[in-house]
Amino acid sequence: MMVDVLTDFAPATRAWFTTTFREPTPAQAGAWEAIGSGDHALVVAPTGSGKTLAAFLSAIDRLSVTDPPEDPLRRCRVLYLSPLKALASDVERNLRAPLVGIANAATRLGTEVADIRVSTRTADTTPAERRQFARAPGDILITTPESLYLMLTSAARESLTGVEAIIVDEVHAVAATKRGTHLALTLERLDELLDKPAQRIGLSATVRPPEVVAGFLSGAAPCQVVKPKADKTF
């Protein structure tokens, strides 16, 4: 049964998911297996397959059972990159459900989970919010490729030295463009700041050929492609 892929998650995460959804989708099951291997991963699945939740739930689960680093500037451990500011705002709102749900599930189970903070950084972020993140970054940062580049070329880069995972949504929207070239260089620049390269997780509703985009996403490192067979609908 596909529900078995949840066995590696913490009890509170499993409890929230199983009470909210009937079972994982094929895209989610494949994504969790690939992400769990530690390799970079490209998940190709239709809209509505739950691939964004799959990437975030894996990250949230790790954060929920891990104490924040002693150095507050290394607290940001997950980056979510959106090609659009509007999509970034939607994702921030959608994150509230699993974060609140997992915390409530932990309370019911009598266990504890870490408090997970979410920050955003786009062209609309105020100077005060930017200074706040530089001093006390959240566990998850939702941003755009261009804003990430600007952070890496400023003093704010010190707040990214603890990043462990990068979720690149709608990767097909940038892969074959100048933005994609710029993003590839930005990700390499970010890796130079880190103790070890961050795991990259690409998400796409449609991409062809997937192996080429996987190479764009991961560079020379191995990348698993998750592309479950989708039923045709008319």
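Above: the structure in question.
What you see is a predicted model, and the numbers here were worked out from it, not measured in a lab. For every chain, the first residue of its written sequence is number 1, and the numbers climb from 1 along that sequence. Only residues with pLDDT of at least 70 are given local features in this predicted model, and only at 80 or more are side-chain atom pairs given and counted; all residues enter the totals for whole chains, interfaces and linings. Side-chain metrics in this entry use all non-hydrogen atoms of the structure; hydrogen atoms and water are not considered.

Asks: Give me unusual backbone geometry: which residues, what numbers.
Replies: Cis geometry marks the peptide bond from Arg208 to Pro209, where omega comes out at -5°. One non-glycine residue, Glu170, lies in the positive phi region at around 50°. The topology assignment puts Glu170 in the loop between strand S5 (165-168) and helix H7 (172-175). Numbering of helices and strands runs from the N terminus; a helix is a DSSP stretch of H or I covering at least four residues, while a strand is a stretch of E covering at least two.

Asks: Now, about the pairing of strand S6 (residues 199-204): what can you tell me, with residues and values included?
Replies: Buried residues are those whose accessible area, probed at 1.4 Å on protein chains only, stays under 20% of the maximum for their type, while exposed residues exceed 50% and partly exposed ones sit between those limits. Burial within S6 is extensive, with six of its six residues counted as buried. Residues of S6 alternate between two faces, with Gln199, Ile201 and Leu203 on one and Arg200, Gly202 and Ser204 on the opposite face, all of them buried. Here S5 runs beside S6; their pairing, made up of four bridges, is parallel. Looking across to S6, one finds that Val168 is bridged to Gly202. We treat two strands as partners when DSSP finds at least two bridges between them.

Asks: Just give me the short version of the sheet that holds strand S7 (residues 223-226), but keep the residues and values in it.
Replies: Overall, parallel pairing links the seven strands, which are arranged S3-S4-S2-S5-S6-S1-S7 in an open sheet. Strands at the two margins of the open sheet, each flanked by one partner only, are strand S3 (118-121) and S7. Sheet twist, expressed as the mean angle between neighbouring strand axes with direction ignored, is 15°. Contacts are residue-level and defined by heavy atoms, with any inter-residue pair within 4.5 Å sufficient. Interaxial angles span 0 to 180 degrees and are taken between N-to-C directions of axes, which are lines fitted to C-alpha atoms, for helices over the stretch in contact. Of the strands in this sheet, strand S1 (40-44), S6 and S7 touch helix H2 (residues 26-37), which is tilted by about 170° from S7. Sheet strands touched by helix H3 (residues 51-64): S1, strand S2 (78-81), strand S4 (140-143), S5 and S6. Its angle to S6, the strand with the most contacts, is close to 155°.

Asks: Any chance you could break down the side chain of Thr161 for me, citing the residues and the numbers?
Replies: Summarising the element assignment, Thr161 is placed in the loop between helix H6 (145-152) and S5. Judged by relative accessible area, which is 11%, Thr161 ranks as buried. In protein, a polar contact requires one atom able to donate a hydrogen and another able to accept it; more generally it is a pair of N or O atoms within 3.5 Å, and residues adjacent in sequence count only if both atoms are side-chain atoms. Among the polar contacts listed, one links the side chain of Thr161 to the backbone oxygen of Glu158, at a separation of 3.1 Å. Apart from the residues lying within four places of it in its own chain, the contact partners of Thr161 are Leu73, Arg74, Leu193 and Leu194.

Asks: How would you summarise the packing of H2 against H3 if you had to cite specific residues and measurements?
Replies: Contact pair H2 / H3: the axes reach a minimum separation of 9 Å and the direction vectors enclose 45°. Between H2 and H3, the angle falls in the class oblique. Seen from above, H2 lies across H3 with right-handed handedness. Contacts from Gln28, Ala31, Trp32 and Ile35 of H2 reach H3 at Leu53, Ala54, Ala55, Leu57, Ser58 and Arg62. Note that Gly is not counted as nonpolar here; it falls among the polar residues with everything else outside the nonpolar set of Ala, Val, Leu, Ile, Met, Phe, Trp, Tyr, Cys and Pro and the charged set of Asp, Glu, Lys and Arg. Of the residues in the contact of H2 with H3, the class split is seven nonpolar, two polar and one charged. Should an angle lie under 35 degrees it is considered roughly parallel, over 145 roughly antiparallel, and from 65 to 115 roughly perpendicular; all remaining angles are considered oblique. Crossings are sorted by hand: turned counterclockwise from the far helix by less than a right angle, the near helix makes the crossing left-handed, and turned clockwise it makes it right-handed.

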